[in-house]
Amino acid sequence: MNLSLMAILVIPLLVTVGVAVHAWFQRPNRNAFAMFIFMLVTSVHLSLYLFQLVSSQLAAARFWMFAALPWSLLMGVSWLILALHVAGYERIMRSTHYVLLSIMPAIIMLLAW
């Protein structure tokens, strides 16, 4: 694999991990935990996607693709939760609402597998 392509993929991974660590230490802030979850999900997805791209065999690439699928679906849900927290709707959100937000990505994941 080309070294410049590897750098293009690793630099965003390092940035998201750094932002996740920073958000973890800012937990008293009301939006920090939602930002931490979003950055954590994004960095796991980026690392699995990186493994998929550097795989030399089709079976390995397919394995990493299916390993990254739940994380790519969780990215959208965590982004929406972060947006709701930033907009000030975290007071009306209950744990059942978070579960309801995750139903459609779970259905998509089951259909893809």
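The present account deals with the structure reproduced in this document. On a predicted model such as this, the values are computed, not experimentally measured, just so you know.

**Let's talk about a nonpolar patch on the surface**
Alright, step 1. Taken together, the side chains of Val99, Leu100, Ile103, Met104, Ile107, Ile108 and Leu111 present a nonpolar region at the surface, about 700 Å² in accessible area.
Alright, step 2. Listing elements by their share of the nonpolar patch, those giving two or more residues are α4 (95-101) and α5 (103-112).
Alright, step 3. Per-element tally for the nonpolar patch: the top contributor is α5, with five residues.
Alright, step 4. In this structure, Ile108 sits in helix α5.

**Regarding the packing of helix α2 (residues 32-54) against helix α3 (residues 58-87)**
Alright, step 1. The geometry of α2 relative to α3 is characterised by a closest axis approach of 8 Å and an angle of 160 degrees between their N-to-C directions. Between α2 and α3, the crossing angle belongs to the class labelled roughly antiparallel. For the pair α2 and α3, the crossing hand works out as left-handed.
Alright, step 2. Looking at the contact of α2 with α3 residue by residue, the class counts come to 18 nonpolar, six polar and no charged.

Each value, and the rule that gives it
Residues numbered from 1 in each chain as written. Predicted model: local features only at pLDDT ≥ 70, side-chain atom pairs only at ≥ 80, totals over all residues. Heavy atoms only, no water. Patch = residues over 30% accessible without salt bridge, like charges linked within 9 Å, V, L, I, M, F, W, Y side chains within 5 Å. Areas by Shrake-Rupley, 256 points an atom, 1.4 Å probe, with all protein chains shown as cover. Salt bridge = Lys/Arg side-chain N within 4 Å of Asp/Glu carboxyl O. Helix = DSSP H or I, 4+ residues; strand = E, 2+ residues; numbered from the N terminus. Axes fitted to C-alpha atoms, helices over the stretch in contact; angles between N-to-C directions. Parallel < 35°, antiparallel > 145°, perpendicular 65-115°, else oblique. Left-handed = near helix turned anticlockwise from the far one by under 90°. Nonpolar A, V, L, I, M, F, W, Y, C, P; charged D, E, K, R; others polar.

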